[in-house]
Amino acid sequence: MHIIFDQAELRYGDRVALKALTLSLSERRIGVIGLNGSGKTSFARLIAGLAKPTSGTVTLDGLDTVADEKAARAKTGFIFQNPGHQIILPIIREDVALGPKSRGLPAAEIDRVVDEALSRFGISDLAGRRPHELSGGELQLAALAAVCVNRPDVVIFDEPTNQLDLKNRARVKAAIDGLAEQAVVISHDLDLVENFGRVLVFHEGALAFDGAGQDAIARYREIAGC
Ligand SMILES: Nc1ncnc2c1ncn2[C@@H]1O[C@H](COP(=O)(O)OP(=O)(O)O)[C@@H](O)[C@H]1O
Ligand SMILES: [Mg+2]
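1. Remarks on the packing of aromatic side chains
Stage number 1. In total, this model carries 3 aromatic pairs according to the counting rule given.
Stage number 2. Seen from their ring centres, Phe5 and Phe43 are 4.9 Å apart, and the 20 degrees between their planes marks the pair as stacked. Here Phe43 lies in helix H1 (residues 40–48) and Phe5 lies in strand E1 (residues 3–12), a separation of 38 residues in the sequence. Each member of the pair, Phe5 as well as Phe43, carries the same accessibility label: buried.
Stage number 3. With 5.0 Å between their ring centres and 45 degrees between their planes, Phe78 and Phe80 make a pair best called tilted.
Stage number 4. On the basis of relative accessibility, which here comes to 31%, the residue Phe80 falls in the partly exposed class.

If you want it as structure tokens, here you go:
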């Protein structure tokens, strides 16, 4: 998918979260790194249509996230920093079925696509569980199944391995690496993005670097002074 920012800016009152940004993205893997408060989540929310640019535009394959809101939103899936917050139904299977149900698929088809999504991320055995019965990594995978069942063109991850132990981290990293869909990955876990061909470094609400993973990490280290 082709993501275009054209002078897109996001403000919260007087505060500029993301300064006017012009950028064109179409790589299969796009990393986003930078200090806390540098504008990473704001950038991601603009792509997903969860925030509207206060000026400028964001388009996805030519669809404007404001003027063509519904069609643009259908192209993206967003995995929140705390995926527990996006699983809203009491049982994992029901939550994954929510999207297909709202699209009006017949019951047998809902069962089929839900089974497929759960199995794709290796969590079929968790289908009957409640969210609080899942580990952090399992919650990420459940949120990913609930997003991917809707067939988005791009999946956006906001710090997916935060607070995960090594085992869960490896599971989530493998799921991201194996994802057929395009992915935008915000991460402080630099291993996740170091092999990406395109990694953006944000600093104080502006793009400070745009290039290959290892070079971006070097720039980020300079900014962080360590
Ligand atoms: N809902 C909000 N209201 C006011 N300010 C916000 C809001 N969300 C983010 N900001 C501010 O915008 C800036 C960028 O935030 P954010 O995009 O969340 O950064 P990051 O994800 O890189 O930590 C920060 O200064 C933050 O305090
Ligand atoms: Mg953030």
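2. Some words on the domain arrangement of the protein
A common way to report how large an interface is uses the accessible area buried once the components associate.
Stage number 1. Structurally, the protein comprises domain 1 (1–75 + 177–226) and domain 2 (79–151).
Stage number 2. Taken residue by residue, the interface counts 5 residues in domain 1 and 6 residues in domain 2.
Stage number 3. At the boundary of domain 1 with domain 2, total buried surface from both sides reaches about 350 Å², with 51% on carbon and sulfur atoms.
Stage number 4. By the criterion of area lost to domain 2, the three top residues of domain 1 are Leu50, Leu179 and Glu181, representing 73% of everything that side buries.
Stage number 5. Where domain 1 meets domain 2, there are 1 salt bridge.
Stage number 6. Across the domain 1-domain 2 interface, the total number found is 1 residue pair in polar contact (both at pLDDT 80 or more).
Stage number 7. The residue makeup of the side of domain 1 that touches domain 2, split by class, is 3 nonpolar, 1 polar and 1 charged.

3. Considering the side chain of Thr76
Stage number 1. Considering the arrangement of structural elements, one finds Thr76 in strand E6 (residues 76–79).
Stage number 2. Note on Thr76: relative accessible area 13%, which makes it buried.
Stage number 3. Leave out the neighbours within four places in its chain, and Thr76 touches Ile47, Ala48, Leu60, Pro152, Val154 and Ile156.

4. Describing the environment of Ala72
Stage number 1. Inspection of the secondary structure assignment puts Ala72 in helix H2 (residues 69–73).
Stage number 2. Take Ala72: its relative accessible area is 3%, and that puts it in the buried class.
Stage number 3. Spatially, the C-alpha atoms of Ala72 and Gly49 are 7.4 Å apart, while their sequence positions differ by 23 residues.
Stage number 4. Leave out the neighbours within four places in its chain, and Ala72 touches Leu60, Leu63, Asp64 and Thr65.

5. What about the site of ligand 1?
Stage number 1. Every residue close to ligand 1 is listed here: Tyr12, Arg15, Ala17, Leu35, Asn36, Gly37, Ser38, Gly39, Lys40, Thr41 and Ser42.
Stage number 2. Take Gly37: an N or O atom from its main chain is 2.7 Å from an oxygen atom of ligand 1.
Stage number 3. For ligand 1, the accessible surface in isolation is 560 Å², of which the surrounding protein chains cover 64%.
Stage number 4. Contributions of two or more residues to the shell around ligand 1 are made by strand E2 (15–25) and H1.
Stage number 5. Take the shell around ligand 1: its biggest share by element is 3 residues, from H1.
Stage number 6. Its residues placed into classes, the shell around ligand 1 shows 3 nonpolar, 6 polar and 2 charged.

6. Structural notes on the side chain of Gln140
Stage number 1. In this fold, Gln140 is placed in helix H5 (residues 136–148).
Stage number 2. Judged by its relative accessible area of 4%, Gln140 is buried.
Stage number 3. Gln140 has contacts with Ile79, Phe80, Gln81, Pro83, Pro160 and Val172, leaving out every residue within four places of it along the chain.

7. Focus on the environment of Ser119
Stage number 1. Here Ser119 lies in helix H4 (residues 107–120).
Stage number 2. It is 8.8 Å that separates the C-alpha atoms of Ser119 and Ala145, two residues lying 26 residues apart in sequence.

8. Considerations on the environment of His188
Stage number 1. With respect to the secondary-structure elements, His188 resides in the loop between strand E8 (182–186) and strand E9 (198–203).
Stage number 2. Beyond its immediate stretch of four places on either side in the chain, His188 contacts Gly34, Leu35, Asn36, Lys40, Glu159 and Tyr220.
Stage number 3. Of note is the side chain of His188, whose polar atom sits 3.4 Å from the side chain of Asn36.

How each quantity is defined
- Residues numbered from 1 in each chain as written.
- Chains lettered and ligands numbered in written order.
- Predicted model: local features only at pLDDT ≥ 70, side-chain atom pairs only at ≥ 80, totals over all residues.
- Heavy atoms only, no water.
- Phe/Tyr/Trp six-rings, centres within 6.5 Å; stacked < 30°, edge-to-face > 60°.
- Helix = DSSP H or I, 4+ residues; strand = E, 2+ residues; numbered from the N terminus.
- Buried < 20%, exposed > 50% of the residue type's maximum accessible area, 1.4 Å probe, protein only.
- Domains from an automatic or database assignment.
- Contact = heavy atoms within 4.5 Å.
- Buried area = accessible area lost by both parts, 1.4 Å probe.
- Salt bridge = Lys/Arg side-chain N within 4 Å of Asp/Glu carboxyl O.
- Polar contact = N/O pair within 3.5 Å; in protein donor to acceptor, adjacent residues only side chain to side chain.
- Nonpolar A, V, L, I, M, F, W, Y, C, P; charged D, E, K, R; others polar.
- Near = heavy atom within 4 Å.
- Areas by Shrake-Rupley, 256 points an atom, 1.4 Å probe, with all protein chains shown as cover.

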